[in-house]
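Structural description and commentary
The chain contents come next:
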Amino acid sequence: MTTKTIKINGNTKTAKNKAVKEMEKFIKELKAQKTLGIAKDESSMKFSEYADIVFKIRDRKASFQTKINRKYYLVVVKKYFGNIKLKDITATKIENFFTEMSETKSDQVLSKYK
């Protein structure tokens, strides 16, 4: 069994087998983006920018319907967090979002937003 351990933002991450290849590919893409000046400094990156990058990478192999569903939920989350810098999103802000959403949404729908 193949395993790899790397440090990302000071946190140690370990992956096995297929995840190792995906992690290595992601790291290469990130390094290339950094070299080309495409990657942005996370300290000033807004949630909406980061979410677009994450879902572009995450949805590569997702089904068409999954992509549509995620975009629907992401629109709502972006309305709340979109213009906030990542470093300014706190646990309290996230909790407030879910508290507000729980007034009109079921627990099942809230889990989709998570």
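Just so it is clear, the structure is predicted and the values come from calculations on it, not from any experiment. (Residues numbered from 1 in each chain as written. Predicted model: local features only at pLDDT ≥ 70, side-chain atom pairs only at ≥ 80, totals over all residues. Heavy atoms only, no water.)

Quick notes on helix α4 (residues 91–102)
In a regular helix each residue adds 1.5 Å, so 12 residues correspond to 16 Å; α4 covers 16 Å between its end C-alpha atoms and thus fits that length. Taken together, the buried positions of α4 are F97, F98 and M101. Buried residues of α4 fall within an arc of 90° about the axis and therefore sit on the same side. In α4, those exposed residues whose orientation departs by more than 90 degrees from the buried face are T92 and E95. Where the residues of α4 are buried, they touch α3 (64–81) and α5 (107–113). (Helix = DSSP H or I, 4+ residues; strand = E, 2+ residues; numbered from the N terminus. Expected span 1.5 Å × (residues − 1). Buried < 20%, exposed > 50% of the residue type's maximum accessible area, 1.4 Å probe, protein only. Arc of directions from axis to C-beta. Contact = heavy atoms within 4.5 Å.)

Remarks on the nonpolar core
Counting 11 residues, the largest nonpolar core is built from F47, A51, Y73, L74, V77, F81, F97, F98, M101, L110 and Y113. Breaking this core down by element, the ones donating at least two residues are α2 (47–58), α3, α4 and α5. It is α3 that contributes the most residues to this core, four residues altogether. Among residues more than four places away in sequence, those in contact with F98 are L110, Y113 and K114. (Core = buried A, V, L, I, M, F, W, Y, C linked by side-chain atoms within 4.5 Å.)

Some thoughts on the environment of V75
Relative to the assigned elements, V75 resides in helix α3. The partly exposed category is assigned to V75, whose relative accessible area is 46%. Spatially, the C-alpha atoms of V75 and S48 are 9.4 Å apart, while their sequence positions differ by 27 residues.

Function cannot be inferred from these measures alone, as they are strictly geometric.
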